[in-house]
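Coordinate analysis (summary)
These are the residues of each chain, in order.
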Amino acid sequence: MDDFILKSYRSGYSSVFGDNNLVELDICPKCVKKIFEKQIRITARS
Ligand SMILES: [Zn+2]
């Protein structure tokens, strides 16, 4: 399991990450599953 998820986005005005900051997240699927256990939805591809 060495596939990585890389996400970046620019926060908007009054964002929890600060106004117009660049937010970058380096995380692997294993950690995503661990951290977002309650929020994640996994659906089989049809
Ligand atoms: Zn990880």
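The coordinates are above.
Calculation criteria
- Position numbers for residues count from 1 along each chain, tracking the sequence in the order it is written.
- Side-chain atom pairs in this predicted model are given and counted only at pLDDT of 80 or more, local residue features only at pLDDT of at least 70, and totals for whole chains, interfaces and linings cover all residues.
- Side-chain calculation: all heavy atoms of the structure are included, whereas hydrogens and water are not.
- Note: metal donors comprise N, O and S atoms at 2.8 Å or less from the metal (3.2 Å for Na, K and Ca); water molecules are not included, so apparent gaps in a site are possible.
- Note on classification: 1.4 Å probe, protein chains only; a residue is buried when its accessible area is under 20% of the maximum for its type, exposed when over 50%, partly exposed between these limits.
- Note on patches: the residues involved have over 30% relative accessible area and no salt bridge, like charges join within 9 Å, and the nonpolar side chains Val, Leu, Ile, Met, Phe, Trp and Tyr join within 5 Å.
- The method behind every accessible area is Shrake-Rupley, applied with a 1.4 Å probe, and residues are considered shielded solely by the protein chains displayed.
- Here a salt bridge means any side-chain nitrogen of Lys or Arg lying within 4 Å of a carboxyl oxygen belonging to Asp or Glu.
- Numbering of helices and strands runs from the N terminus, with a helix taken as a DSSP run of H or I at least four residues long and a strand as a DSSP run of E at least two residues long.
- Working definition: rings of Phe, Tyr and Trp (its six-membered ring) pair if their centres are within 6.5 Å, and the pair is stacked with planes under 30 degrees apart, edge-to-face with planes over 60 apart, and tilted otherwise.

Considering the coordination of the zinc ion
Protein ligation of the zinc ion involves C28 (SG) and C31 (SG), the donor distances falling in the range 2.2 Å. Assessed through its relative accessible area of 16%, C28 is described here as buried. Take C31: its relative accessible area is 28%, and that puts it in the partly exposed class.

Topic: a nonpolar patch on the surface
A grouping of I35, F36, I40 and I42 is seen on the molecular surface, where their side chains present a nonpolar patch of about 400 Å² in accessible area. Along the chain, the position of F36 falls in the segment after α1 (29-35).

A few points about the packing of aromatic side chains
In total, this model carries one aromatic pair according to the counting rule given. Between Y9 and F17, the ring centres sit 6.2 Å apart and the planes meet at 85°, which makes this aromatic pair edge-to-face. In this structure Y9 comes out as partly exposed when scored by relative accessible area, which is 41%.

A look at unusual backbone geometry
Despite not being glycine, S14 shows a phi value in the positive range, around 60°. Relative to the assigned elements, S14 resides in the loop between β1 (5-10) and β2 (22-27). A positive phi angle is found at N20, which is not glycine, with a value near 55°. Turning to its location among the elements, N20 is positioned in the loop between β1 and β2.

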